[in-house]
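# Descriptive structure summary
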Amino acid sequence: MPVAQSLRVSYIELQGTKDVESIELVLPGCRRSIPQQGKNLFREEFPQHLRSLLFFGLSEKKWYSTAIPTAKSVQIYVNDVLSNSSEQKFRIERRGLDITIGLSPNSILVEEMPAQDNSTSPNTGGLCPTIEELFHLCPRFRILVTGQSGTGKSTLINRVFGIEQASAEKIELGKEDIEKEFISPQNDRFVLHVGEGFGPTGGTGCGSVGLFIENTKKRECVKDQLHAVWLCFRVPIVDHGDRLLEKDTETFLREHASVLQNIPTIVVLTKYDQLLAYMAIKKKADPSAAAKEYLQEYCIDPIAKFAGSADLSYVAVSRYCDFWVAAEHTIVSFCCGPNGAESLAKFKDRGINKASPAHLFSYQDLTLFFHSAGKRRYWRAPTDHAALECLAAIHADIVSVWNFNDPSQHLSSDGFREIMTSLVWTIDPSTPAFPTIAMGESRSIALPSATGSARLGPDYGALDVRHKFVTYVIHLVHVLEMLFALTANDNEKKLTRGAISSAFNAYYQSETRRNADIEMKDSKNETLSHDTVLEKMVSLVKMSPMDGTASTRTLESISREDLERCEWHIDIDASEREKCLTSLADQINHLNMQFDGKDNTSILRNIINHQRTILRLTPSWQREHLVCVVNLANSLNERGREEDLEEIINLRRAALQLTPLGHRERVVSLVNLANSLYERYRGDGEGGMEDLTEIITLRHSALQLTPREHQGYTVSLASLADSLHERFRREGGTANFTEIVALRRHILRLTPPEHPNYPEALAKLLDFLDQRFNRERGTEDLDDIISLRRAALQLTPVGHQGRFVSLVNLSNSLHDRFVKGGSLADLDEIITFRRAALECASPSDQCISSLNLANCVREKYQRLGLDVDLTEAIKHARAASIRCLPQHYAYASCIDCVASCIELRAGKRRGPMRTKQEEIIQNITIETIKTLPLRLLDTHTGALCDRDAQISRFEESVQYFELLRSTYDSPECNQSIRGTISKFLGHSVYDLDGGEGCTKLQYFCVLSLRHGYIWAWSDTCCIDKDSSSELQEAIGSMFSWYRNSALTMVHLSDVFGAMSFADSVWFKRGWTLQELLASRRVLFYTQDWSLYMNCTSPDHKTVGTILTELQEVTRIGELQLKNFNPGLDDARSKFQWASTRQTTRAEDVAYSLFGIFQVSLPVMYGETAQNALGRLLGEIFSQSRDILVLDWVGEASSFHSCFPATLLPYRGVPCTQLVPSGPSEHSDADLEQGRELYKALTRLPSPWFFARRLSLPCIVHRVTRVKPLETLSTNSHYDYEFVASGLVPLKLILSCRLQEGSGTDLPYALIRPWNPKLLYPPAHCDVLGNLLEWIGQPFNALLLEALPHNEYRRIASDCLINASVEIPTSVGSSECQTLQIV
């Protein structure tokens, strides 16, 4: 069973092509442009449901061409999106466009479509519009245009659908290809076929058209079938000897009329203007009426006779008069409605010179929709669907078949639906127009009544709703027809509320609307079955509002200003308005009775919609307008949706304008607007200072207008104080603070102590005074604070849960005054309050309470010297230390308090500062320890010690006390101190191998101890890898730690006995490269921790045999192994050393080289290896400008096309070019050419890399021919012959397919990066000669592809391109350029 799915999109993003100028998203009823966010990136936030299909219209233009942009389209089925999406994202590539659709979490199945017409869909909480289903099954509609030859079919197609390819000039007469598809550029949902014309003597046209129609009817897919036929005839002038039907036409109508029975067919009678002219020559009193009678007698009746039972519709058209005339029984026009264009012809002043029929579907199509799927869905809705839900589906269907430029979807908005609903009430406002009831197959509908649930009779309820449904549909179709007449030839402009309102007002004043209302009133007592409903609808739709001249004059009177207005402006008669308002008020009262505030979203939505309509219908000068504004704002505020906030604020502003000074509701309007602005301010976070300023102004005004005796005066004071406090928090300022304190004092004075708000007012005043005291430390504020805190303590008697806080706060304030010079009386009172606080403290607060009390009593002892105070202080200090856990923030303070009290008892006084000798030693110790790792192993105990533990260990040592005795302030003494500290703290022992865990660390510590070292280091336990900051510091400092160590021990766990270490995995790891290069002394140990080769040398790097092995294994020279200097010099060689090594984490390939190159970059674990290596290469290039790092062949990085994805490409030897140092023999002409080249090269800037852009000076050789070679190319490799300016032709085997051709339009170039260092050779060298020699040598070229905006990227990087210059002296200054490469 087919499934219709709903898609809730969060965003749509399109990227990856350089040819797109603009992208448009086509939705049912509107087109929406996707804004461009950046280079080749289009993105739109799109938070709404979509169904069926997504159409994207692309306007393309090649960057290297000046051709007119071409249009393309892309369509995506929603079913494909939902079935292939992952992680709430769907990605697909179409027409070179990378499309990403972000999905919201509620993108779920919403509806199962019935397989047969007589089925009903299950309850899903909402109805899916039928048009969307039809668009899903049939995204395009197929029309066949055929008929007699010479009737102007091509002109008709061009004028109606804008298809120029079908013009007579472009199709040879009688050679039409009926299978060829023409797509309308005005509306791509139309596909046209042009049939061969019927000749006067017979031919193949009749048979080919009939065969085509038969074949299309047999196709399985609906989208491939034929949906309509236009049968064209030329209006004959009988007196001139013209014939209506030729032989071939008669044959077709006679033999194939049955073929057309199931296909909507329109007989199009062309050249109608000639008939009108003929009637004028005949001097008919009414040429138009005479022409219609003539059409009936000489055209319609003869065709109907031959067609037999075929149901045909007729329309007369003219090429020159811009109007279409339909017969009386015509219900179809693929133009702008029956007779619509006749009126359009009179709008010449609006620039409308032709109709745009392809902008909408036909009424017949609309009727067919109702008869098919629509019939079962609208009139047989399940019993739990509300009438308004069914009406919304019908509204969406009708709007969808019109192709208005409505990106804001005004036609689908609640506002427009409410406006249309108001027309229904003009017929019978006595009952609710569309009650929220169920519409099922049963004719009985349950409605609430005063006495309970009442059941209406079998007819009245259903008929009442169906009459209103029919009325709604009729009015909606006619309003849209009027709207089309206003905007037919201005489809590029976006639809506005003003244009829709103007069309509505014009229709409301039309005779058609009044006649439709009369018809529906007269048929109110008729029984409307399902089929009768549709028949009534079709009959009334025939009454086009464009038939009369009055409608034409009304449309002519509409100004451009009205069309471009952004707000609704509806003009309904006063009497009708009163009826509508009464009906709406009754409905709101009825809905309010049902509303209980819980899960009544739909009821509140209906109330809001009704209130919006009432507001629109109520003139602004009426007193009730203010009530309408306030009621709507209150309802929106009650709904509590963030997206309603802007509307609420606008409504509150309107209410304020309606309540001038002196109005009794002025204060309420001021307060409501201030509250709404405050809601927006809170939503903006740290923004919205303009809102805050306005809030303060409004609340000042409200306070001034509120009498002091009014109960809201205190509330106004508090609100203003809160707003001022917020501004003070954001901006500061003494004036703000002073006003806040004054307001808070005023609030406290107006609030009696027995009032429940008194504690809150007191607390807020205290809070502000505390803040000002902390800022200014004023004694006056402190006295006020103490007085207020005494009042607060009185509000919290013994046993009150807030008493502890009150006691602590009061004692703290008293202590502040005591510190500022208070008396011992304050101290006694502090001790009293803190003793009371300790008694009522919770277990979690007892630690701090005991500590605070101990400090106060100790301070009293220091003032008076009473032993009883010291004893009490020691008791409370010890209690605090017992109750406080070691990890508690106050634990150190507790221990310090205990120690201080004990020292006082022993008669000792700890000085406030260390001695001068202690300060000198401490400073040098801290200076030395900063160069060591964050953690070290104590080789005596095996304990892991951080820096504090290392300092404590030193201060407990014999060496420390010896320094204390001998230290004095002099440079010689300081140097001696450094030596002693360095010897004690020693040098770390490093080992980066994982090994066997604890066993390995034990052997490591034992060996370090035997070598006489106190401290050792291993990355297996001495780095906290969970701390990103420590890990960053360790990686950035590791090279210096190795360099400053006394010894590095390397444990080779896979080397046994006397075997060579050449195959050890240690030489294949990335991190061990800097360990080898940075360490000044290295000892290698085998698996059993014996020295490698039993070599007892203190440094294995100095042993010849071991050093030779190291050079062979690492390919690093002796000088670099023994005395390596980190830096950016010869970067490519360093990459070559690291290219054979691997790391456990891919990012560490780059991180392990930071110390070798002496670069400082953030460590970001989780990034890709290519990104990490790209950042490193970019930093090296930006500092060194060394172009040799670009000399590689292999896979390119996603970070930058000129950087490799890994270090593997650096294994190869670079293309070194030897420049002779002696003088070269060159002619004067060659030297002159070299001099010009030298000048051009000196003008080139140095290379640089920034923000992933490489600015590279180079010699450019443009590719002028790319020719594929006839070889056995595979799918992964392609053979080409290259011709580039100034180079010897090349034959290359590339891994990517290139654009073939010749000329200067090819977007490729071979470049030779330029090294500016070649311009500065030794003084004795022949500069010009060497430059010419360098130009003539072969080089490794980079193949670049041009991108938009003068950018390039490297391609085919995995292919070695060795190029040579044809004539060195032919390289001119024009080839010397600086390219921007990404």
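Residues numbered from 1 in each chain as written. Predicted model: local features only at pLDDT ≥ 70, side-chain atom pairs only at ≥ 80, totals over all residues. Heavy atoms only, no water.

### Digging into the overall build of the chain
Along its length, the chain carries 47 helices and 36 strands. Looking at the chain as a whole, 51% of its 1382 residues are labelled buried. If you take every contact in the chain between residues at least 6 apart in sequence, the share linking residues at least 24 apart comes to 67%. Taken as a whole, the chain presents about 64800 Å² of accessible surface, with 50% of it coming from carbon and sulfur. (Helix = DSSP H or I, 4+ residues; strand = E, 2+ residues; numbered from the N terminus. Buried < 20%, exposed > 50% of the residue type's maximum accessible area, 1.4 Å probe, protein only. Contact = heavy atoms within 4.5 Å. Areas by Shrake-Rupley, 256 points an atom, 1.4 Å probe, with all protein chains shown as cover.)

### A look at the sheet that holds strand 21 (residues 944–946)
Ordered in space as 21-20-23, the three strands form an open sheet in which the pairing is antiparallel. Only two strands of the sheet have a single neighbouring strand rather than two, namely strand 21 and strand 23 (1015–1016). As paired elements, strand 20 (residues 935–938) and strand 21 share three bridges and run antiparallel to each other. Paired with Leu936 across the two strands is Cys945, which belongs to strand 21. Across the sheet, helix 34 (residues 947–955) touches strand 20, strand 21 and strand 23, and the angle it forms with strand 21 is around 95 degrees. (Pairing = 2+ DSSP bridges. Axes fitted to C-alpha atoms, helices over the stretch in contact; angles between N-to-C directions.)

### Observations regarding helix 40 (residues 1104–1114)
When we look at burial in helix 40, the residues that qualify are Ile1106, Leu1107, Glu1109, Leu1110 and Thr1114. Take helix 40 and look down its axis: the buried residues cluster within an arc of 160 degrees, on one side only. On its buried side, helix 40 packs onto helix 39 (1072–1078), strand 25 (1082–1085), helix 41 (1118–1122) and helix 42 (1131–1138). Just past helix 40, the residue Arg1115 takes up positive phi, approximately 60 degrees. (Arc of directions from axis to C-beta.)

### Looking at the packing of helix 30 (residues 846–864) against helix 32 (residues 891–905)
Packing of helix 30 against helix 32 leaves a shortest axis separation of 11 Å and a crossing angle of 25 degrees. As summarised for this structure, helix 30 and helix 32 are arranged roughly parallel, according to the angle between their axes. Remark: the crossing between helix 30 and helix 32 carries left-handed chirality. Where helix 30 approaches helix 32, its residues Cys847, Leu851, Ala854, Asn855, Arg858, Tyr861 and Gln862 are matched on the opposing element by Ser893, Cys894, Cys897, Ser900, Cys901 and Leu904. (Parallel < 35°, antiparallel > 145°, perpendicular 65-115°, else oblique. Left-handed = near helix turned anticlockwise from the far one by under 90°.)

### Description of the nonpolar core
Grouped together as the largest cluster of nonpolar side chains are 93 residues, with contacts concentrated most on Phe1061, Phe1084, Phe1135, Leu1153, Leu1176, Ile1311 and Ile1381. With residues up to four places along the chain from it excluded, the contact list for Phe1084 reads Val1050, Leu1052, Phe1061, Trp1066, Phe1067, Leu1076, Ser1090, Leu1091, Tyr1092, His1100 and Leu1110. (Core = buried A, V, L, I, M, F, W, Y, C linked by side-chain atoms within 4.5 Å.)

### Overview of the confidence of the model for the chain
For the chain, per-residue confidence averages 75 on the pLDDT scale, and residues scoring 70 or more make up 75% of the total. Across residues 908–913, where pLDDT falls below 50, the model places five contacts with residues more than four positions away in sequence or in other chains. Confidence drops under pLDDT 50 across residues 986–995; counting only partners more than four residues distant or on other chains, this segment forms 56 contacts. (pLDDT = per-residue confidence, 0-100.)

### Details of the packing of aromatic side chains
Scanning all chains against the criterion turns up 18 aromatic pairs. Ring centres 5.9 Å apart and planes at 90 degrees place the aromatic pair Trp1066 and Phe1084 in the edge-to-face group. With Trp1066 in the loop between strand 24 (1047–1051) and helix 39 and Phe1084 in strand 25, this residue pair connects regions lying 18 residues apart in the sequence. Both residues of the pair, Trp1066 and Phe1084, belong to the buried class. By way of ring pairs, the aromatic residues Phe1061, Trp1066, Phe1067, Phe1084 and Tyr1092 are connected into one cluster. (Phe/Tyr/Trp six-rings, centres within 6.5 Å; stacked < 30°, edge-to-face > 60°.)

### Structural notes on a negative patch on the surface
Together, Asp286, Glu293, Glu297 and Asp301 line one region of the surface with negative charge. The class for Glu293 is exposed, based on a relative accessible area of 58%. (Patch = residues over 30% accessible without salt bridge, like charges linked within 9 Å, V, L, I, M, F, W, Y side chains within 5 Å. Salt bridge = Lys/Arg side-chain N within 4 Å of Asp/Glu carboxyl O. Lys, Arg positive; Asp, Glu negative; His and termini not counted. Charge placed at Lys NZ, Arg CZ, Asp CG, Glu CD.)

### Overview of the environment of Gln846
The topology assignment puts Gln846 in helix 30. The spacing of Gln846 and Ala879 is 33 residues in sequence and 8.8 Å in space, taken between C-alpha atoms. Apart from residues no more than four positions distant in its own chain, Gln846 is found in contact with Leu838, Ala841 and Arg883.

### Comments concerning a nonpolar patch on the surface
Together, Leu824, Leu864, Leu866 and Val868 give the surface a local cluster of nonpolar side chains, amounting to about 340 Å² of exposed area. For Val868, the position within the fold is in helix 31 (residues 867–883). Accessibility expressed as a relative area gives 57% for Val868, which makes it exposed.

### Some points on the pairing of strand 34 (residues 1351–1354)
Note: strand 33 (residues 1342–1347) against strand 34, four bridges, orientation antiparallel. Along strand 34, the bridge assignment pairs Leu1344 with Arg1354. The hairpin formed by strand 33 and strand 34 contains three residues between the paired strands, and His1349 there has a positive phi angle of roughly 65 degrees.

### A few points about unusual backbone geometry
Of note in this structure, Asn1094 is not a glycine but carries a positive phi near 55 degrees. In this fold, Asn1094 is placed in the loop between strand 25 and helix 40. For Asn1094, a relative accessible area of 63% puts it in the exposed group. Of note in this structure, Asn1350 is not a glycine but carries a positive phi near 60 degrees. Note that Asn1350 resides in the loop between strand 33 and strand 34.

### Comments concerning the packing of helix 6 (residues 272–281) against helix 7 (residues 287–307)
One can describe the packing of helix 6 onto helix 7 by two numbers: an axis separation of 9 Å at closest approach and a directional angle of 120 degrees. Considered as vectors, helix 6 and helix 7 are oriented oblique to each other. Of the two possible hands of crossing, helix 6 and helix 7 adopt the one that is right-handed. Counted together, Tyr272, Leu275, Leu276, Met279 and Ala280 of helix 6 and Pro287, Ser288, Ala290, Ala291, Lys292, Tyr294 and Leu295 of helix 7 form the full contact between these two elements.

### Description of the pattern of salt bridges
This model, assessed by the stated rule, comprises 33 salt bridges. One salt bridge in this structure joins Arg745 and Asp784, with 3.1 Å as the shortest N-O distance. Placement of the pair is Arg745 in helix 25 (residues 734–750) and Asp784 in helix 27 (residues 779–794), with a sequence separation of 39 residues. Notably, a salt bridge pairs Arg835 with Glu872, separated by 2.9 Å at the nearest N-O pair. Here Arg835, found in helix 29 (residues 824–839), pairs with Glu872, found in helix 31; they are 37 residues apart in sequence, far enough to count as distant. One connected set of salt bridges, linked through shared partners, spans Arg639, Arg641, Glu643 and Asp644.

### Considering the environment of Thr706
One can find Thr706 in the loop between helix 23 (689–705) and helix 24 (713–731). Expressed as a C-alpha distance, the spacing of Thr706 and Ser716, which sit 10 residues apart in the sequence, is 8.1 Å. Here the side chain of Thr706 touches Ala702 through a polar contact of 2.6 Å, landing on its backbone oxygen. (Polar contact = N/O pair within 3.5 Å; in protein donor to acceptor, adjacent residues only side chain to side chain.)

### Digging into the state of the cysteines
Scanning the model with the defined rule gives zero disulfides in all. As a non-bridged cysteine, Cys1376 has Cys1258 as the owner of its nearest cysteine sulfur, 8.9 Å distant. (Disulfide = S-S within 2.5 Å.)

### Some points on the side chain of Thr751
Here Thr751 lies in the loop between helix 25 and helix 26 (758–776). Given a relative accessible area of 8%, Thr751 falls into the buried group. In this view, Thr751 contacts Thr714, Asn757 and Tyr758; residues no more than four positions away in its chain are not counted.

### Concerning the side chain of Arg142
Turning to its location among the elements, Arg142 is positioned in strand 11 (residues 141–147). Here the side chain of Arg142 touches Glu181 through a polar contact of 2.9 Å, side chain to side chain. Ignoring anything within four residues of it in the chain, the contact list for Arg142 reads Glu181, Val191, His193, Arg219, Lys223, Asp224, Gln225, Leu226, His227 and Ala228.

### Some thoughts on the pairing of strand 31 (residues 1308–1313)
Among the six residues that make up strand 31, six are buried, leaving the element largely enclosed by the rest of the structure. On strand 31, burial covers both faces: Tyr1308, Leu1310 and Arg1312 on one face and Ala1309, Ile1311 and Pro1313 on the other are all buried. Here five bridges tie strand 27 (residues 1253–1268) to strand 31, and the two strands are oriented antiparallel to one another. Each residue of the ladder has a partner; that of Ile1259, found in strand 31, is Arg1312.

### Focus: the environment of Pro1126
Note on placement: Pro1126 falls in the loop between helix 41 and helix 42. Separated by 49 residues in the primary sequence, Pro1126 and Leu1077 place their C-alpha atoms 8.9 Å from one another. Not counting residues up to four positions away in its chain, the partners in contact with Pro1126 are Phe1039, Arg1043, Lys1134, Gly1155, Ile1156 and Gln1158.

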